[in-house]
Amino acid sequence: MKKHIPLVILFLAGAATAQTFPFTLDFLPDGNTKAIVKHHYYTLEYSENHEQARWVAYELFKTDLDGKQRRSNSFKPDKAVQSGSAVLSDYRGSGYDRGHLAPAGDMKRSKIAMSESFLMSNISPQKAKFNRGPWKALEGIVRDWAKQRGHLYIVTGPILNDSLPKIKNSKVSIPNTYYKALLCSDTASGMKWKSGAVVMTQNSTAKPSQEQVISIDSLEVLTGIDFYTNIEGSSEFESTVDHNFWKIDKNKIGTIKKSRNTKNMMPLKKGNKVLSE
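Keep in mind that this is a model prediction, so the values were computed, not measured. (Residues numbered from 1 in each chain as written. Predicted model: local features only at pLDDT ≥ 70, side-chain atom pairs only at ≥ 80, totals over all residues. Heavy atoms only, no water.)

Turning next to the overall build of the protein chain. Within the protein chain one finds six helices and 11 strands. Looking at the protein chain alone, contacts between residues at least 24 apart form 72% of all its contacts between residues at least 6 apart. Total accessible area computed for the protein chain in this model is approximately 13,900 Å², and 50% of it derives from carbon and sulfur atoms. (Helix = DSSP H or I, 4+ residues; strand = E, 2+ residues; numbered from the N terminus. Contact = heavy atoms within 4.5 Å. Areas by Shrake-Rupley, 256 points an atom, 1.4 Å probe, with all protein chains shown as cover.)

What follows is the structure in structure tokens.
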């Protein structure tokens, strides 16, 4: 990819812990510091080999969900990625949706937040039925948890490995599996932190289920990523998962239907003819 001059952004110190801005806690996974990109509302580690983020981390407060910023649908390259991020042409003609990692629905708090959610570094190729069905449903579940708990630390991404296929004529890998790692303060139970993760495959067409909720330790085995390395006592809360705390109520999810919204999709084409997905 063509190299870009890194975008330098000056951040003001947060009231809680200046060194962790824009977050109130240093909950970022262990990663390649040279590949980490900090935006106003999320931080990511970019994998040039797969032309997408290895993980995207952000905080979600209950009050963030009251935002009124409308979805922009303005996808654009991330100039802050030193090696150069994926571009729109990487997805053109692929038949895959440009699936959000940090969802636009979590970024309604401001115009900048919404714009950042459409950077191509926050995008991964997803099958339409998965992106608009189970993955969208999981995003809604996470928002419900944020409403219930008041505040979540979220890390989300694809599970990447060297055997993944690529989009034709592109360096963008097509992941089989995606995850969301979740952390929340739970002093009411006598435990400072509760953690858990949800893992879903692209072939899934069903609603998210409780069986997909696993411990952070189990997620680390699947991803090869070391989560919460900077949080004292993380080994205690990473090894277990409280299924009552991270409860998925299928009755509240609603029916998954095939979406008619094609704004995220890059259709398959042959000449001027658009083929079915």
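Looking now at the nonpolar core. Grouped together as the largest cluster of nonpolar side chains are 48 residues, with contacts concentrated most on Trp-145, Leu-152 and Trp-246. Counting only elements with at least two residues in this core, the list comes to strand E2 (43-47), strand E3 (52-61), helix H2 (111-117), helix H4 (134-149), strand E6 (151-158), strand E7 (177-186) and strand E8 (191-201). In terms of residues, this core owes the most to one element, H4, which gives seven residues. Counting 23 residues, the second-largest nonpolar core is a separate cluster that includes Leu-25, Ala-181, Trp-193 and Phe-237. (Core = buried A, V, L, I, M, F, W, Y, C linked by side-chain atoms within 4.5 Å. Buried < 20%, exposed > 50% of the residue type's maximum accessible area, 1.4 Å probe, protein only.)

Below, the discussion takes up the pattern of salt bridges. Across all of its chains, the model carries six salt bridges by this definition. Taking the shortest distance from any N to any O, the salt bridge between Glu-48 and Lys-171 comes out at 2.9 Å. Placement of the pair is Glu-48 in the loop between E2 and E3 and Lys-171 in the loop between E6 and E7, with a sequence separation of 123 residues. A residue is classified by how much of its surface remains accessible, and Glu-48, at 19% relative accessible area, is buried. Between Arg-132 and Asp-97 there is a salt bridge; the shortest N-O distance is 2.8 Å. Residue Arg-132 is found in the loop between helix H3 (128-131) and H4, and its partner Asp-97 is found in strand E4 (residues 97-100); the two are separated by 35 residues along the sequence. Of the two residues examined, Arg-132 and Asp-97, each falls in the buried class. (Salt bridge = Lys/Arg side-chain N within 4 Å of Asp/Glu carboxyl O.)

Here we come to the packing of aromatic side chains. Going through the model one piece at a time under the given rule, you end up with 12 aromatic pairs. Taken together, a centroid distance of 5.1 Å and an interplanar angle of 70 degrees make the contact between Phe-23 and Phe-27 edge-to-face. Taking relative accessible area as the criterion, Phe-23 reaches 7% and is therefore assigned buried. Ring geometry for Phe-245 versus Trp-246: centroids 4.9 Å apart, planes at 80 degrees, classification edge-to-face. For Trp-246, a relative accessible area of 1% translates into the label buried. Three or more aromatic residues joined by ring pairs make a cluster, and in this case those are Phe-23, Phe-27, Tyr-153 and Trp-193. (Phe/Tyr/Trp six-rings, centres within 6.5 Å; stacked < 30°, edge-to-face > 60°.)

Moving on: the side chain of Glu-51. Relative to the assigned elements, Glu-51 resides in the loop between E2 and E3. Of the buried charged residues, Glu-51 lacks a salt bridge, with Lys-171 as the closest side chain of opposite charge at 4.2 Å. A distance of 2.8 Å separates a polar atom in the side chain of Glu-51 from a polar atom in the side chain of Tyr-46. (Lys, Arg positive; Asp, Glu negative; His and termini not counted. Polar contact = N/O pair within 3.5 Å; in protein donor to acceptor, adjacent residues only side chain to side chain.)

Further remarks concern the environment of Arg-71. Tracing the sequence through the fold places Arg-71 in the loop between E3 and helix H1 (88-91). Distance from Arg-71 to Ala-104, taken between C-alpha atoms, is 6.7 Å for residues 33 residues apart in sequence.

To continue, consider the pairing of E3. Counting buried residues along E3, eight of its 10 residues qualify, which places the element largely inside the surrounding structure. Hairpin connection between E2 and E3: a loop of four residues separates the two successive antiparallel strands, and Glu-51 in this loop has a positive phi of roughly 55 degrees. One ladder, built from six bridges, connects E3 with E6; its direction is antiparallel. Residue pairing across strands places Tyr-58 opposite Ile-154, the latter belonging to E6. (Pairing = 2+ DSSP bridges.)

One non-glycine residue, Asn-169, lies in positive phi territory at about 60 degrees. Along the chain, Asn-169 turns up in the loop between E6 and E7. Phi angles above zero are rare outside glycine, and Tyr-228 is one such case at about 55 degrees. Among the structural elements, Tyr-228 can be located in the loop between helix H5 (216-223) and helix H6 (234-238).

It is worth spelling out H5 at this point. Every buried residue belonging to H5 is among Ile-216, Leu-219, Glu-220 and Thr-223, and all of these are buried. Buried residues of H5, seen end-on, are gathered within an arc of 105 degrees and therefore sit on one face of the element. Backbone geometry just downstream of H5 places Gly-224 in the positive-phi region, at approximately 75 degrees. (Arc of directions from axis to C-beta.)

Right, let's talk about H4 for a bit. Over its 16 residues, H4 runs 22 Å from end to end, which matches the ideal 22 Å to within 8%, given 1.5 Å per residue. Listed in full, the buried residues belonging to H4 are Pro-134, Trp-135, Ala-137, Leu-138, Glu-139, Ile-141, Val-142, Arg-143, Trp-145 and Ala-146. At the exit of H4 stands Gly-150, carrying a positive phi of roughly 95 degrees. (Expected span 1.5 Å × (residues − 1).)

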